[in-house]
Amino acid sequence: SAVISQKPSRDICQRGTSLTIQCQVDSQVTMMFWYRQQPGQSLTLIATANQGSEATYESGFVIDKFPISRPNLTFSTLTVSNMSPEDSSIYLCSVLRPYRGGTDTQYFGPGTRLTVL
Amino acid sequence: QQPVQSPQAVILREGEDAVINCSSSKALYSVHWYRQKHGEAPVFLMILLKGGEQKGHEKISASFNEKKQQSSLYLTASQLSYSGTYFCGTENRAAGNKLTFGGGTRVLVKP
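Residues numbered from 1 in each chain as written. Chains lettered and ligands numbered in written order. Predicted model: local features only at pLDDT ≥ 70, side-chain atom pairs only at ≥ 80, totals over all residues. Heavy atoms only, no water.

1. Points about the packing of aromatic side chains
So the rule is basically this: Any pair of Phe, Tyr and Trp rings, taking the six-membered ring for Trp, is counted once the centres come within 6.5 Å. Such a pair is stacked with planes under 30 degrees apart, edge-to-face with planes over 60 apart, and tilted for the rest. A run of DSSP states H or I qualifies as a helix once it reaches four residues; a run of E qualifies as a strand once it reaches two. Both are numbered from the N-terminal end. Between buried and exposed lies partly exposed: a residue is buried under 20% and exposed over 50% of the maximum accessible area for its type, with that area taken using a 1.4 Å probe on protein chains only.
With the rule as written, the count across this model stands at ten aromatic pairs over all chains. The interplanar angle of 70° and the centroid separation of 5.8 Å between the aromatic rings of Y107 of chain A and F44 of chain B together place this pair among those described as edge-to-face. Linking Y107 of chain A in strand 10 (residues 104-108) with F44 of chain B in strand 5 (residues 43-48), this pair reaches from one chain into another. By the burial criterion, Y107 of chain A is buried, and F44 of chain B matches it. Judged by centre distance (5.5 Å) and plane angle (85°), the ring pair of F108 of chain A and Y34 of chain B falls under edge-to-face. Here F108 of chain A, found in strand 10, pairs with Y34 of chain B, found in strand 4 (residues 30-36), and the two come from separate chains. As far as the burial class goes, F108 of chain A and Y34 of chain B line up, both buried.

2. Examining unusual backbone geometry
For the peptide bond that leads from K7 of chain A to P8 of chain A, omega is -10°, which places it in the cis range. Within the element layout of this structure, P8 of chain A appears in the loop between strand 1 (4-7) and strand 2 (10-13). Of the consecutive residues S6 of chain B and P7 of chain B, the connecting peptide bond is found in the cis state with omega at -5°. When you line up the elements, P7 of chain B lands in the loop between strand 1 (4-6) and strand 2 (9-13). The phi dihedral of Q69 of chain B falls on the positive side, at around 55°, and the residue is not glycine. You can see Q69 of chain B is positioned in the loop between strand 7 (60-65) and strand 8 (70-75).

3. Quick look at the pattern of salt bridges
Selection criterion: Throughout this description, the term salt bridge denotes a Lys or Arg side-chain nitrogen within 4 Å of a carboxyl oxygen of Asp or Glu.
For the coordinates displayed, the defined rule picks out two salt bridges over all chains. A salt bridge links K98 of chain B to E58 of chain A; its shortest N-O distance comes to 2.9 Å. Separated into two different chains, K98 of chain B in the loop between strand 9 (84-91) and strand 10 (100-101) and E58 of chain A in the loop between strand 6 (56-57) and strand 7 (68-72) make up a pair that spans both. For D87 of chain A, the salt bridge identified is with K65 of chain A, shortest N-O distance 2.6 Å. Taken together, the residues span a long stretch of sequence, with D87 of chain A in the loop between strand 8 (75-80) and strand 9 (89-98) and K65 of chain A in the loop between strand 6 and strand 7 at a distance of 22 residues.

Taken by themselves, the reported measurements are silent on function.
As structure tokens, then:
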């Protein structure tokens with residue numbers, strides 16, 4: 001598995017502002033992912049962040065709104081820009097780690113609960 | 001496209017069994033199962049790779065039918081600790097390590 005921490009754990013922000021969420025892993029990982037989970041809903045992938053390359057965004061998510069940095073193999077940030085109440089959600093990072101028999105799976109951080117007023 | 005999970009919710013008494021299904025419209029390479037308790041991160045349970053193969057975690061097991069593009073999660077002799085929302089995450093070869101999650105199944109185990 002992996003020990004993953006996220007900061008902040010929760011925040012309340014005003015509309016029009018930006019928030020940067022940090023994700024720290026206890027060991028080096030190649031692939032990191034950022035998800036959004038709205039209350040009572042499933043997990044929606046925002047983007048994949050590989051060290052040394054630009055993040056790859058899923059349909060419906062754009063870099064101007066969710067810029068991502070991946071400066072090294074243990075750290076990533078997601079910024080939620082120009083926030084509106086619709087951005088209120090839980091944001092989770094995950095990392096790809098080996099499991100068994102040559103397989104890989106994702107392990108999730110504790111999440112950041114964001115409320116936009 | 002998001003895999004379809006059924007049922008959406010289930011209520012059990014301690015000791016009862018339940019089955020959660022996950023169906024995809026796309027050919028699957030693997031299926032990953034997670035459990036999420038309220039206010040916590042999803043926790044990885046198991047991964048299914050081969051058709052018909054069953055994996056186990058506690059008294060929770062799962063199967064994967066490649067031809068039918070579906071997986072089932074079996075909660076046997078359920079315990080109070082099994083309560084939570086279960087998500088299947090499907091992976092296809094073209095997506096390469098990306099998971100697409102189903103809508104989730106809420107499980108409540110009562111004493």
